[in-house]
Amino acid sequence: MNTAARISVRSITKIFALGKESFTALDRVSLDIADNEFVTVVGPSGCGKSTLLNILAGLEQPSEGEALVDGSVVSAPGPERGVIFQQYALFPWLTVRKNVEFGLKTAGVPKAERRERAQHFIELVGLEQFADALPKMLSGGMRQRCAIARAYAVNPSILLMDEPFGALDALTRVKLQDQLLDTWSKEQRTVLFITHDVDEAVYLANRVIVMAARPGRIYDVVDVDLPYPRTEEFRLSTEFAALRNRVWHSVYHQDGTTIANSNHPMPSSTTA
Ligand code: ADP
Ligand code: MG
């Protein structure tokens, strides 16, 4: 147990009422994340990944147990936690630039600095030509890049990311993965990143948490004890393949059954 954990999930159970029935979305989940750690979470659909993230974001309350950030129980959202959702959440009446500036304005950042910071992150996600466009004029992937720029702009020390790159094309996804790792290694950030992509989970993480469903729980923890910066060479290495296969097995062959998944083919090499 790391006493200096930035994020501490202590035996959290979350039960949703479904009519007369109740559904256990999380069953005694415990997890500590150290300062500057990059933790990814993978698992089949419905295993409680988003529920866990929403609790850490302060948007849902656990039924039992508690979530702590910097030693304080989480009860509401806070400026030190930036959240990026699976579904981009933009203000439809504001341009890309105004959306990205929004959090900075709320934080009282002066206008000139706001402009500059917004411009930096708009360029980072490759939306400079659309800075004055409204969200309805953008594709889904572009809207998500705008949501990412908006979250990065306020520079939160904790990033809670729920399948942020899931809707993006492969090239943009790789670019944003590398850019996220770059920012993470330069600035002090603690990241909890949910994905359904096993390669992405291993590529980014210090540690991969594999969850299982019914009830939602931690099924396996895989340390990715390999150095950064992670490069294309790393993606093609045997160490990467071995870890990827191990995580793949944990996700798709839980309890000896094969979980159907339409998004990804099996890895070509299954020797770990
Ligand atoms: P994941 O993100 O891993 O796909 P979720 O955390 O979204 O899973 O959901 C876990 C389970 O809890 C699912 O079965 C889902 O239907 C259920 N669930 C999530 N939110 C609610 C809610 N507000 N009310 C009832 N059931 C919910
Ligand atoms: Mg989810």
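**Some details on the overall build of the protein**
Assigned secondary structure in the protein consists of eight helices and 10 strands. Against the compact-globule benchmark of 19 Å for 272 residues, the protein has a radius of gyration of 19 Å, which places it among compact chains. Along the longest, intermediate and shortest principal axes, the C-alpha atoms of the protein span 55 × 45 × 40 Å. For the protein, the proportion of its 272 residues judged to be buried stands at 50%. For the protein, the share of sequence-separated contacts (at least 6 apart) that also reach a separation of at least 24 residues comes to 67%. Just so you have it, the protein exposes about 13200 Å², and 53% of that area is on carbon and sulfur atoms.

**Details of the sheet that holds strand β6 (residues 81-84)**
An order of β6-β7-β8-β3-β9-β10 is seen for the six strands of this open sheet, with the pairing classed as mixed. At either end of the open sheet lies a strand with only one pairing partner, and these are β6 and β10 (217-223). Ignoring strand direction, the axes of neighbouring strands in this sheet form an average angle of 15 degrees. Examined bridge by bridge, strand β3 (residues 38-42) and strand β8 (residues 190-194) share four bridges and lie parallel to one another. Bridging across to β8, F38 finds its partner in V191.

**Here's the deal with the confidence of the model for the protein**
Note that predicted coordinates carrying low pLDDT should not be read in detail. Considering every residue of the protein, the mean pLDDT works out to 90; 93% of them sit at 70 or more. Taken as a whole, residues 261-272 scores under 50 in pLDDT and shows 17 contacts with residues more than four places along the chain or in a different chain.

**Concerning the site of ligand 1**
In the vicinity of ligand 1, the contacting residues are F16, L18, F23, A25, S45, G46, C47, G48, K49, S50 and T51. S50 has a polar side-chain atom sitting 2.9 Å from an oxygen atom of ligand 1. Relative to its unbound accessible surface of 550 Å², ligand 1 loses 64% to contact with the protein. Those elements that place two or more of their residues in the shell around ligand 1 are β1 (7-18), β2 (21-33) and α1 (49-57). Take the shell around ligand 1: its biggest share by element is three residues, from α1. Its residues placed into classes, the shell around ligand 1 shows five nonpolar, five polar and one charged.

**Comments concerning the nonpolar core**
Across soluble globular proteins, nonpolar side chains show a tendency to be buried alongside one another. Judged by nonpolar contacts, the single largest core of 51 residues is most densely connected at Y152, M161, F165, V208 and V247. The dominant element in this core, judged by the number of residues it contributes, is helix α4 (residues 140-153), at eight residues. Non-local contacts of V208, meaning those with residues more than four positions away in its chain, are made with T40, V42, A201, V202, D220, V221, V222, V224 and V247.

**Considerations on the packing of helix α2 (residues 96-106) against α4**
With their axes 8 Å apart at the nearest point, α2 and α4 run at an angle of 25 degrees to one another. Here α2 lies roughly parallel to α4, going by the angle between them. Crossing of α2 against α4: the hand is right-handed. Facing V96, N99, V100 and L104 of α2, the residues of α4 in contact are C146, A149, R150 and A153.

**Concerning the packing of aromatic side chains**
As enumerated under the stated definition, the model contains 10 aromatic pairs in all. With 6.1 Å between their ring centres and 40 degrees between their planes, F38 and F193 make a pair best called tilted. With F38 in strand β3 and F193 in strand β8, this residue pair connects regions lying 155 residues apart in the sequence. A residue is classified by how much of its surface remains accessible, and F38, at 0% relative accessible area, is buried. Judged by relative accessible area, F193 falls into the buried class, the value being 0%. Ring centres of F121 and Y152 lie 6.4 Å apart, and the angle between their planes is 70 degrees; on these two criteria the pair is classed as edge-to-face. Taken together, the residues F121 in helix α3 (residues 111-124) and Y152 in helix α4 connect sequence positions 31 residues apart. For R230, the ring lying beneath its charged end belongs to Y228, and the centroid distance is 3.8 Å. We note R235 situated over the ring of Y203; from NZ or CZ to the ring centre the distance is 3.6 Å.

**What about the pairing of β3?**
Counting buried residues along β3, five of its five residues qualify, which places the element largely inside the surrounding structure. Burial along β3 is two-sided: F38, T40 and V42 facing one way and V39 and V41 facing the other are all buried. Bridge count between β3 and strand β9 (residues 207-212): four bridges; the pairing is parallel. Bridged to V42 within β9 is V210.

How each quantity is defined
- Residues numbered from 1 in each chain as written.
- Chains lettered and ligands numbered in written order.
- Predicted model: local features only at pLDDT ≥ 70, side-chain atom pairs only at ≥ 80, totals over all residues.
- Heavy atoms only, no water.
- Helix = DSSP H or I, 4+ residues; strand = E, 2+ residues; numbered from the N terminus.
- Rg over C-alpha atoms; globule rule 2.2 N^0.38 Å.
- Buried < 20%, exposed > 50% of the residue type's maximum accessible area, 1.4 Å probe, protein only.
- Contact = heavy atoms within 4.5 Å.
- Areas by Shrake-Rupley, 256 points an atom, 1.4 Å probe, with all protein chains shown as cover.
- Pairing = 2+ DSSP bridges.
- Axes fitted to C-alpha atoms, helices over the stretch in contact; angles between N-to-C directions.
- pLDDT = per-residue confidence, 0-100.
- Near = heavy atom within 4 Å.
- Polar contact = N/O pair within 3.5 Å; in protein donor to acceptor, adjacent residues only side chain to side chain.
- Nonpolar A, V, L, I, M, F, W, Y, C, P; charged D, E, K, R; others polar.
- Core = buried A, V, L, I, M, F, W, Y, C linked by side-chain atoms within 4.5 Å.
- Parallel < 35°, antiparallel > 145°, perpendicular 65-115°, else oblique.
- Left-handed = near helix turned anticlockwise from the far one by under 90°.
- Phe/Tyr/Trp six-rings, centres within 6.5 Å; stacked < 30°, edge-to-face > 60°.
- Lys NZ or Arg CZ within 6 Å of the ring centre and 35° of its normal.

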